[in-house]
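# Coordinate analysis (summary)
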Amino acid sequence: MVLGNYKSVVAARSADNEILKGAQDGGIVTQLFAYALEEGIIDGAIVAGPSEEPWKPEPVIATTKAELLAARGTKYTLSPNISLLKEATRSYGLDKIGIVGTPCQMQAVRKAQLYPVGMRDVPDKIALAVGIFCMENFPYQSLEAIVEDHCNVKLESVKKLDIGKGKFWAYTERGAVTQIPLKVTHKYEQPGCHVCLDYVSNLADISTGSVGAPDGWSTVFVRTKNGEDTWGKAIAAGCFETKPIEEVKPGLDLVKKLATDKITKNQKTLEARATFGVGKGLRNPYI
Ligand SMILES: Cc1cc2nc3c(=O)[nH]c(=O)nc-3n(C[C@H](O)[C@H](O)[C@H](O)COP(=O)(O)OP(=O)(O)OC[C@H]3O[C@@H](n4cnc5c(N)ncnc54)[C@H](O)[C@@H]3O)c2cc1C
Ligand code: SF4
């Protein structure tokens, strides 16, 4: 199943205009954590916060709505959110951790829960794991090259970055929009992403992305019992507007197609690694 196990899938967006204003898509991640904080479902969330360098995320533990708002938007570069997982239970003193991350980061969270090597106290303290869809990621220097050299835009003047409709988009504070075809960005991808077999964060409690839903909306998979409880309460509290996924365009078929494309392509890379050398191959982490 390229889309993983899930209990339900809908198109949704936050009902909070303040959240929506700076959100990447439907503000699902920020709204979920804001609600979970308010209700005591989590006592903090590990998110990709801003740093001194433009569009370079720094993992932070958000314990207020203001900190969540400051972390809105997709940074198309690595944000090592797992690096705060253990510390969240130590100096930050969290008992109920929220964490957002890419599919590989959701895998790390689940692995730490099942095989907690050096992760004492962590397994029982993951209260809400929110996954985002991810086709590929870029090292920071790659992002700089894509935005500054190919889009010809200074990173500090960028208001939003987006990948969609086969293109990489840069929107500046002063209203300029630049787009380049994704074939230009391929050589800048993080090589480790080429063995990744998860597109829609199969292991999250709730996972979300832009693909499948109209602009300003998100596709949301509710996957676990824990995710279902939180999602149900958030809906009852009026946090989200939803539409059946069958009623929106392009809908689930596109999500399925992109997930299949990613997995098929990366599976081939994994197979090629087995016979990479003369008489020997490269490691396969899945076997
Ligand atoms: C590298 C990357 C590739 C992606 N590729 C796709 C794709 O192919 N298709 C698709 O539909 N969606 C993709 N997404 C997800 C999409 O861009 C949005 O992040 C998602 O829809 C959430 O939007 P939102 O409005 O709900 O989130 P918001 O409310 O805006 O919040 C976004 C949250 O994501 C966190 N975040 C931002 N950057 C990172 C990062 N680099 N690592 C970990 N957490 C981060 C922020 O801390 C914030 O909490 C990708 C995201 C990333 C980071
Ligand atoms: S493509 Fe896979 S390995 Fe790369 S950042 Fe996305 S989820 Fe992680």
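It should be emphasised that the depicted structure is a prediction, and the values quoted were computed from it without experimental measurement. (Residues numbered from 1 in each chain as written. Chains lettered and ligands numbered in written order. Predicted model: local features only at pLDDT ≥ 70, side-chain atom pairs only at ≥ 80, totals over all residues. Heavy atoms only, no water.)

### Brief notes about the site of ligand 1
Applicable threshold: Near residues are defined by distance, with any heavy atom within 4 Å of the molecule or strand qualifying the residue. Whenever a nitrogen or oxygen atom comes within 3.5 Å of another N or O atom, the pair is scored as a polar contact, on the condition that within protein one atom can donate a hydrogen and the other can accept it, and that pairs from neighbouring residues in sequence are kept only if both atoms are in side chains. Under the convention used here, a 1.4 Å probe and the Shrake-Rupley method define accessible areas, while residue burial counts only the protein chains that appear. For helices the rule is a DSSP run of H or I covering at least 4 residues; for strands it is a run of E covering at least 2, with both sets numbered from the N terminus onward. Residue type decides the class: Asp, Glu, Lys and Arg count as charged, Ala, Val, Leu, Ile, Met, Phe, Trp, Tyr, Cys and Pro as nonpolar, and the leftover types, Gly among them, as polar.
In the vicinity of ligand 1 lie 31 residues, with D25, T30, A48, T74 and S210 positioned nearest. Separating an oxygen atom of ligand 1 from a backbone N or O atom of G26 is a distance of 3.5 Å. At 3.0 Å, a side-chain N or O of Y199 approaches a nitrogen atom of ligand 1. In isolation ligand 1 exposes 910 Å². Once the protein is present, 98% of that is buried. Among the elements that make up the shell around ligand 1, the one with the highest residue count is helix α2 (residues 28–39) (three residues). Here the shell around ligand 1 is composed, by residue class, of 14 nonpolar, 13 polar and four charged.

### What about the domain arrangement of the chain?
How we decide: In this entry, domain limits derive from an automatic or database-based domain assignment. By the convention used here, residues are in contact when the closest approach between their heavy atoms is within 4.5 Å. In short, buried area is how much 1.4 Å probe accessible area vanishes from two parts on joining, totalled over both.
When its domains are assigned, the chain resolves into domain 1 (8–135 + 191–274) and domain 2 (138–188). Centre-to-centre separation of domain 1 and domain 2, based on C-alpha positions: 22 Å. Taken residue by residue, the interface counts 11 residues in domain 1 and 13 residues in domain 2. Together domain 1 and domain 2 conceal approximately 1,200 Å² of surface at their shared face, both sides included; 53% is due to carbon and sulfur atoms.

### Remarks on the site of ligand 2
Taken together, the residues surrounding ligand 2 are T102, P103, C104, C134, M135, E136, N137, C193, C196 and K262. Here the residues of the shell around ligand 2 sort into six nonpolar, two polar and two charged.

### A closer look at the environment of R72
Condition: Classification of residues uses two cut-offs on accessible area relative to the type maximum, computed with a 1.4 Å probe and protein chains only: under 20% is buried, over 50% is exposed, and between them is partly exposed.
Mapping R72 onto the fold places it in the loop between α3 (65–70) and α4 (85–89). Its relative accessible area of 23% is what places R72 among the partly exposed residues. Distance in space between the C-alpha atoms of R72 and L114 is 30 Å, their sequence separation being 42 residues. A distance of 2.8 Å separates a polar atom in the side chain of R72 from the backbone oxygen of E18.

### Considering a nonpolar patch on the surface
As a reminder of what qualifies: Each patch is assembled from residues with relative accessible area greater than 30% and no salt bridge, linking like charges that lie within 9 Å and nonpolar side chains (Val, Leu, Ile, Met, Phe, Trp, Tyr) that lie within 5 Å. Salt bridges are counted wherever a side-chain nitrogen of Lys or Arg sits within 4 Å of a carboxyl oxygen of Asp or Glu.
A cluster of nonpolar side chains, L114, Y115 and V117, forms an exposed patch at the surface whose accessible area comes to about 410 Å². Mapped onto the elements, L114 comes out in helix α5 (residues 103–114).

### A word on the packing of aromatic side chains
The criterion, for reference: What counts as a ring pair is set by centres within 6.5 Å for rings of Phe, Tyr and Trp (its six-membered ring), and what kind of pair is set by the plane angle: stacked under 30 degrees, edge-to-face over 60, tilted for all other angles.
Summed over the entire model, instances satisfying the criterion amount to six aromatic pairs. On the basis of an interplanar angle of 45° and a centroid distance of 5.9 Å, the ring pair of F133 and Y199 is categorised as tilted. Of this pair, F133 sits in the loop between β5 (126–132) and α6 (140–150) while Y199 sits in the loop between α7 (182–185) and β9 (206–209); the two residues are 66 residues apart in sequence, bridging distant segments of the chain. For F133, a relative accessible area of 13% translates into the label buried. The class of Y199 is buried, set by a relative accessible area of 5%.

### A closer look at unusual backbone geometry
A cis amide bond links K249 to the next residue, P250, at an omega of 0°. For P250, the position within the fold is in the loop between β11 (240–244) and α9 (252–274). Of note, S201 is a non-glycine position whose phi angle comes to about 55°, a positive value. You can see S201 is positioned in the loop between α7 and β9.

### Points about the sheet that holds strand β7 (residues 167–172)
As a reminder, the rule being used: When DSSP finds two or more bridges between two strands, those strands count as paired. Helix axes use the C-alpha atoms of the stretch in contact, all axes being lines fitted to C-alpha atoms, and the angles between their N-to-C directions lie in the range 0 to 180 degrees.
Across the sheet, which stays open at both edges, the three strands sit in the order β6-β7-β8 with antiparallel pairing between neighbours. At either margin of the open sheet sits one strand with a lone partner, and together these are β6 (158–164) and β8 (177–181). Neighbour to neighbour, the strand axes of the sheet diverge by 15° on average, direction disregarded. Here β7 runs beside β8; their pairing, made up of five bridges, is antiparallel. Opposite A170, over in β8, you have T178 as the bridge partner.

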